[in-house]
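Remarks on the overall topology
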Amino acid sequence: MKLLYIKRTRKTENRFSPNMGRLITKVTYIKKYFIGLPLKTLHKYRETYYGEIKDCEDCNLFI
């Protein structure tokens, strides 16, 4: 078993963009794990309808 490894997961989230309003998008998280416990999130990004990759910092979390 590896001690340190990196895992990529994807989940659906509600986001809010000032230009478009509410978005339901798939967000990909790249996390670093130590013996199965997540240490920190290295990067998170989302894929648009047109296939572009965008950083999640440009839209706020919809509550």
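Above this text you will find the structure in question.
Note that the structure is a prediction, hence the values are computed from the model and not measured.

A few words on the overall build of the chain. Along the backbone of the chain there are 0 helices and 5 strands. Put simply, the chain has 63 residues, and 25% of those count as buried. For the chain, long-range pairs separated by at least 24 residues make up 31% of all intrachain contacts whose partners lie at least 6 apart in sequence. Counting every atom, the chain has about 5,200 Å² of accessible surface; 55% of that belongs to carbon and sulfur.

This paragraph deals with the environment of L3. Mapped onto the elements, L3 comes out in the segment before strand 1 (4-17). Residue classification places L3 among the exposed residues on the basis of a relative accessible area of 54%. When the C-alpha atoms of L3 and G36 are compared, they prove to be 8.2 Å apart, with 33 residues separating the residues in sequence. Filtering out sequence-adjacent residues up to four positions away, L3 remains in contact with Y33, F34 and I35.

This brings us to the pairing of strand 2 (residues 21-34). Of the pairings in the sheet, the one linking strand 1 to strand 2 comprises 14 bridges and is antiparallel in character. From the neighbouring strand, K7 faces strand 2, where its bridge partner is K31. Between the end of strand 1 and the start of strand 2, which pair antiparallel, lie 3 residues. In the sheet, strand 2 pairs with strand 3 (residues 37-47) via 8 bridges, with the strands oriented antiparallel. Looking at strand 3, one finds that Y33 is bridged to P38. The hairpin formed by strand 2 and strand 3 contains 2 residues between the paired strands, and I35 there has a positive phi angle of roughly 55 degrees.

Within the structure shown, the criterion is met by 1 aromatic pair. Measuring from ring centre to ring centre gives 5.4 Å for Y5 and Y33, while their planes differ by 10 degrees; the resulting arrangement is stacked. Here the residue Y5 occupies a position in strand 1, and Y33 occupies one in strand 2, the gap between them amounting to 28 residues. In this structure Y33 comes out as buried when scored by relative accessible area, which is 12%. K7 extends its terminal NZ or CZ atom over the ring of Y33, reaching a point 5.9 Å from the ring centre. The ring of Y29 carries K31 above its face, with NZ or CZ at 5.6 Å from the centroid.

Cut-offs applied
Residues numbered from 1 in each chain as written. Predicted model: local features only at pLDDT ≥ 70, side-chain atom pairs only at ≥ 80, totals over all residues. Heavy atoms only, no water. Helix = DSSP H or I, 4+ residues; strand = E, 2+ residues; numbered from the N terminus. Buried < 20%, exposed > 50% of the residue type's maximum accessible area, 1.4 Å probe, protein only. Contact = heavy atoms within 4.5 Å. Areas by Shrake-Rupley, 256 points an atom, 1.4 Å probe, with all protein chains shown as cover. Pairing = 2+ DSSP bridges. Phe/Tyr/Trp six-rings, centres within 6.5 Å; stacked < 30°, edge-to-face > 60°. Lys NZ or Arg CZ within 6 Å of the ring centre and 35° of its normal.

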